[in-house]
Amino acid sequence: MQSLSEGASAALSRNQSPMETSVAVSPGARRAFSGLIDYAGLFPPAELAMPQAQAEYVRARSGPHAWMLGRFIVPLSALSGAQRNFPGAFSAIAKFSEIESVAALRSEGVAIDSIEIPLITSDEGEGALREMLQERRATLERLGLSDVPVYIEFLRLGENGLSLESALSTAAAARFGAKLRCGGITADAFPTVDDVARFIGTAVAANVPFKATAGLHHPVRHLNAASGFVMHGFINILAAAALAPRVDLAMLTRIVAEEDSRAFTFEPAAMRWRNERVDLADLTQARERAFVSYGSCSFAEPVDDLTALGILAR
């Protein structure tokens, strides 16, 4: 049986387009960013129409940085069998009640490689959540979806007794991944540095692969002048996930809060944050078993930023 981490690893390989043009990049950076960016052009703030969003995705797949491109994120309601020939893989946003529709579309040849599920848990205790997730895992097995990574977004944790630790340990037991929401269109949608660091540390300790969504428009944490929001950075998230097995929560918080892009460097055989070094083996494990990918409504924007920082070649 294919594990969740094996599914993530296989997806990284599948996301290498045969049309891509090679560009010079250090092995550390290539390992860090391979298949990292799931394209979310259908969602705010871009909110492109489906034809335009798919055209942008196809264009990125044929470009020199196609190796960084992951799945095309789409609501299940926007998918149909007509998209069986789409030149890429989908990450479908679906409710647990729609899992049979996901299975039907896959049987029609639609390349759904992962599923993202919103789950409001404020009224559920740990025991009820464990029972529900075990039932959902059995349904996935029955429908032939055991090899598909499923990422759950736990909402309103703590309001009625279900802690982050309980939610993620329960997800791990049923072989589900998790989603980390990093922002949105209002200030209260952005989690604090402490919240993000705690999520990463807890997920890594529980062996729960996670993907991030919303708000990660740029590599390093920064103040966005247009919105006035302080936005999290995807390199911060990656560095924290890679270093989480060996640093404490206070250090994770410092990594997530880092706003100096010069603190992050990529070498032929490593990634560094200040004096902390992550070799390729640990970086690989972090990408496959911890920070699997993040959704971005733009592919060009993170590529341009990484180029401006000298991490990608001009």
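Owing to the predicted nature of the structure, the values given are computational and were not obtained by experimental measurement.

Moving on to the pairing of strand β12 (residues 276-279). Side chains on a regular strand alternate between the two faces of the sheet. With four bridges connecting them, strand β11 (residues 270-273) and β12 associate as antiparallel partners. Across the sheet, Trp 273 pairs through a bridge with Glu 276, a residue of β12. Here β11 folds back onto β12, and the loop between the two strands holds two residues, one of which, Arg 274, carries a positive phi near 50 degrees.

This brings us to the nonpolar core. By size, the foremost hydrophobic cluster in this structure holds 95 residues, and its most contacted members are Phe 33, Phe 72, Ile 200 and Phe 210. With nine residues, the top contributor of residues to this core is helix α8 (residues 234-243). Contacts of Ile 200, omitting those with residues within four sequence positions, involve Leu 180, Phe 210, Ile 237, Ala 240, Ala 241, Ala 244 and Val 256.

Moving on, we get to the sheet that holds β12. Pairing between sheet strands relies on hydrogen bonds along the backbone, with the strands arranged either parallel or antiparallel. Overall, antiparallel pairing links the three strands, which are arranged β10-β11-β12 in an open sheet. What marks the edges here is a single partner per strand, and that holds for β10 (264-267) and β12. Across the sheet, the mean angle separating the axes of adjacent strands is 20 degrees when strand polarity is ignored.

Here we come to unusual backbone geometry. The linkage connecting Pro 44 with the following residue, Pro 45, adopts the cis geometry, with an omega of 5 degrees. For Pro 45, the location among the structural elements is in the loop between β1 (37-39) and α3 (50-61). Despite not being glycine, Arg 175 has its phi angle at roughly 60 degrees, a positive value. Tracing the backbone through its elements, the reader meets Arg 175 in the loop between α6 (164-173) and β6 (177-181). Residue Arg 175 is classed as partly exposed on the basis of its relative accessible area, which comes to 30%.

Calculation criteria
- Residues numbered from 1 in each chain as written.
- Predicted model: local features only at pLDDT ≥ 70, side-chain atom pairs only at ≥ 80, totals over all residues.
- Heavy atoms only, no water.
- Pairing = 2+ DSSP bridges.
- Helix = DSSP H or I, 4+ residues; strand = E, 2+ residues; numbered from the N terminus.
- Core = buried A, V, L, I, M, F, W, Y, C linked by side-chain atoms within 4.5 Å.
- Buried < 20%, exposed > 50% of the residue type's maximum accessible area, 1.4 Å probe, protein only.
- Contact = heavy atoms within 4.5 Å.
- Axes fitted to C-alpha atoms, helices over the stretch in contact; angles between N-to-C directions.

These values are about where atoms sit, not about what they do.
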